[in-house]
Amino acid sequence: MPHAEPLRLHIGGEAVKEGWKIVNIKPLPGVDFLGSATDLSVFQDGTVDAIYGSHIYEHLDYNSEVLKAFGEAFRVLKPGGQFLVAVPDLEVLARLFVEPGLTLHDKFHVMRMIYGGQTDPWDYHKVGYSADILAQFMASAGFEGMERVENFGLFSDTSTLAFFNVPISLNVRGYKPGAAASAGIMN
């Protein structure tokens, strides 16, 4: 019996990478599935090996959309599946904003990282995350074993963004409880 290829989703992604399927709300070139992080109904329960989302979960309403999106990720992941989340680190950005010596231009840039670039209807930030707030949202959705990582090493994206040599991304890996995923993560 042939072994099925692992299903790894890059939610909100744009860059095509072998071994990953892109789910995006915008119909961009390379998008495999048009949809939202809050509605992964195109995928059956327990069919996905890994989910990666870089700087998309801050665009969701913390009252109704964040837990819905995290719940959808939990639902579609296989037991032992990995949920890889990168969001702006509000604590780091707040410290940067009050850093003495920043120019008005620099402060404006930090403010945009906090509130979103606001270049289109999806580019507004609705929630700010610190490590403990993100971990609480993830745990509320059922994820375990949350660990902060410096870099996922998967994509060249905002998860590695630095401002004045200060990394601004909060990168956290969580797991759906159960047997270890057989596919793991592919770089």
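Attention in this report is confined to the structure presented alongside it. (Residues numbered from 1 in each chain as written. Predicted model: local features only at pLDDT ≥ 70, side-chain atom pairs only at ≥ 80, totals over all residues. Heavy atoms only, no water.)

### A few points about the packing of aromatic side chains
The tally for this structure, following the rule as stated, stands at 12 aromatic pairs. Taking the centre distance of 5.2 Å and the plane angle of 85° together, the rings of Phe74 and Phe143 count as edge-to-face. With a gap of 69 residues between them, Phe74 in helix 1 (residues 66–76) and Phe143 in the loop between helix 4 (131–140) and strand 6 (144–148) connect regions that are remote in the sequence. Residue classification places Phe74 among the partly exposed residues on the basis of a relative accessible area of 22%. Arranged with centres 4.7 Å apart and planes meeting at 85°, the rings of Phe163 and Phe164 form a pair that is edge-to-face. For Phe163, a relative accessible area of 10% puts it in the buried group. Joined through ring pairs, the aromatic side chains of Tyr57, Phe70, Phe74, Phe83 and Phe143 make up one cluster. (Phe/Tyr/Trp six-rings, centres within 6.5 Å; stacked < 30°, edge-to-face > 60°. Helix = DSSP H or I, 4+ residues; strand = E, 2+ residues; numbered from the N terminus. Buried < 20%, exposed > 50% of the residue type's maximum accessible area, 1.4 Å probe, protein only.)

### Considerations on the nonpolar core
In this structure, Ile11, Ile51, Tyr57, Phe70, Phe83, Tyr129 and Leu134 are the most contacted members of the largest nonpolar core, which totals 29 residues. Taken together, the elements giving at least two residues each to this core come down to strand 1 (8–11), strand 4 (48–54), helix 1, strand 5 (77–88), helix 4 and strand 9 (169–175). Sort the elements by how many residues they give to this core and helix 1 lands first, with 5 residues. Setting aside anything within four residues of it in sequence, one finds Phe83 in contact with Ile51, Tyr57, Phe70, Ala73, Leu77, Met138, Phe143, Val172, Arg173 and Gly174. By size, the runner-up hydrophobic cluster in this structure holds 9 residues, among which are Tyr52, Ala86, Phe152 and Leu154. (Core = buried A, V, L, I, M, F, W, Y, C linked by side-chain atoms within 4.5 Å. Contact = heavy atoms within 4.5 Å.)

So far we have only geometry, and geometry alone does not tell us how the molecule works.
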